[in-house]
Each structure stands twice: as structure tokens, then as C-alpha cells.
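Residues per chain are reported as follows:
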Amino acid sequence: MNLNIIYDANAHIDSPVGVINLFARDNKLVGLTMGGEGLPSLGTATVISEAAKQLGEYFNGKRKTFELDYELNGTGFQKAVWAEIESIGFGQVASYADIARAIGKPLASRAVGGAVGANPLPLVVPCHRVLGASGKITGYSGGDGLPTKRQLLKLENIQAKE
């Protein structure tokens, strides 16, 4: 995630995938990072406490979708990719090629991969549900990378190829 985002509040929580840092601006979630150190808290935003609550429910198997106010900042192409990722339901997957076709850019699988990797809100916009065309686990920029992706897929009972 690009930590050059502009935010006015942040906090961190502990989770099964390590520390999650949450960032908000104008009471909208604008960033989420997994792994590493928890950053010192700054400001307050009710969306952060709500995100922490909903993430806890997700990791405890009690939540399959997130209902949060958030803002995704990126290019038009990135936003189209992220919108398509948002439509992938809990326990389901899509390939980079599926997303490229869905946004009307069937030859843009690699560019889709770049947009997936730039997702500022992993988990909320569930990029861990994106796999290679053969169903193979591919890269993941969140947390510890592929081990984190495997852990999230397992949480959702998603079988993927190695």
C-alpha cells in the first residue's frame, strides 16, 4: 500500500494475519495495511472503530461482507478493477483474466495484476480472492505476501493450486 495517502486518523489492531493499520480521512476508510509494526494512533474516526469491529467479526467467521464508508483513490482503470474485485463474494474467486474481461479490457490481465497489487484496502476490497487463470495462488502484497494470502483463502474455505 502507498503510505503517502492523506489521512487525518489512524489506529491499529492485532489480527490472525498480524497487525492491521487502518487509515481514515473525513471519517472514510482510505487505507489498510497488514503486517509490520502498529503505527502510533492519530486522531479519531468512527469508521476506524467500526472497521476494527467488522474485521474482528470477519476473522471470527461471523462476517462475510464489510459495510463501511470508504474512499478508493486511484486511476480510472484501478477503480474499475477494484469495483470488479468488490463483486467477488466470500468464498469465491476470480482470475486476473476474468476481471480484465469484466471491465472490457480482455488483453489487460497484467495491468489488472498491477491494479490488484495497488489496492489500498485489502480485505475490504478482497484482492486475496484473485487467482491466476489456472486457479493458482499468485502474488499478494498484503502482510507476509503469499502466506497471508493462503491464510485468508483458508479462512474462506477457498481451495487454490500452489
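The structure displayed is predicted, hence computed values, not measured ones.

Caption draft 1: The arrangement of the pairing of strand β2 (residues 18-25) in detail. With seven of eight residues buried, β2 is to be regarded as a mostly interior element. In this structure, strand β1 (residues 9-15) lies alongside β2, joined through seven bridges in antiparallel fashion. If you follow Ser15 over to β2, its bridge partner there is Gly18. In terms of strand pairing, β2 meets strand β3 (residues 28-34) through six bridges, oriented antiparallel. Each residue of the ladder has a partner; that of Leu22, found in β3, is Leu32.

Caption draft 2: Main features of the packing of aromatic side chains. For the coordinates displayed, the defined rule picks out four aromatic pairs. An angle of 45° between the planes, with centres 5.5 Å apart, marks the rings of Tyr58 and Phe66 as tilted. Residue Tyr58 is classed as buried on the basis of its relative accessible area, which comes to 2%. Of the residues examined, Phe66 reaches a relative accessible area of 15% and is grouped as buried. Summarising the aromatic geometry, the rings of Tyr58 and Phe90 are spaced 6.3 Å apart at their centres and angled 80° between planes, so their arrangement reads as edge-to-face. In this pair, Tyr58 sits in helix α1 (residues 46-59) while Phe90 sits in the loop between α2 (76-86) and β4 (94-95), placing the two residues 32 residues apart along the sequence. Classification of Phe90 as partly exposed rests on a relative accessible area of 26%. Put simply, the rings of Tyr58, Phe59, Phe66 and Phe90 touch in pairs and so form one group of aromatic residues.

Conventions and cut-offs
Residues numbered from 1 in each chain as written. Predicted model: local features only at pLDDT ≥ 70, side-chain atom pairs only at ≥ 80, totals over all residues. Heavy atoms only, no water. Buried < 20%, exposed > 50% of the residue type's maximum accessible area, 1.4 Å probe, protein only. Helix = DSSP H or I, 4+ residues; strand = E, 2+ residues; numbered from the N terminus. Pairing = 2+ DSSP bridges. Phe/Tyr/Trp six-rings, centres within 6.5 Å; stacked < 30°, edge-to-face > 60°.

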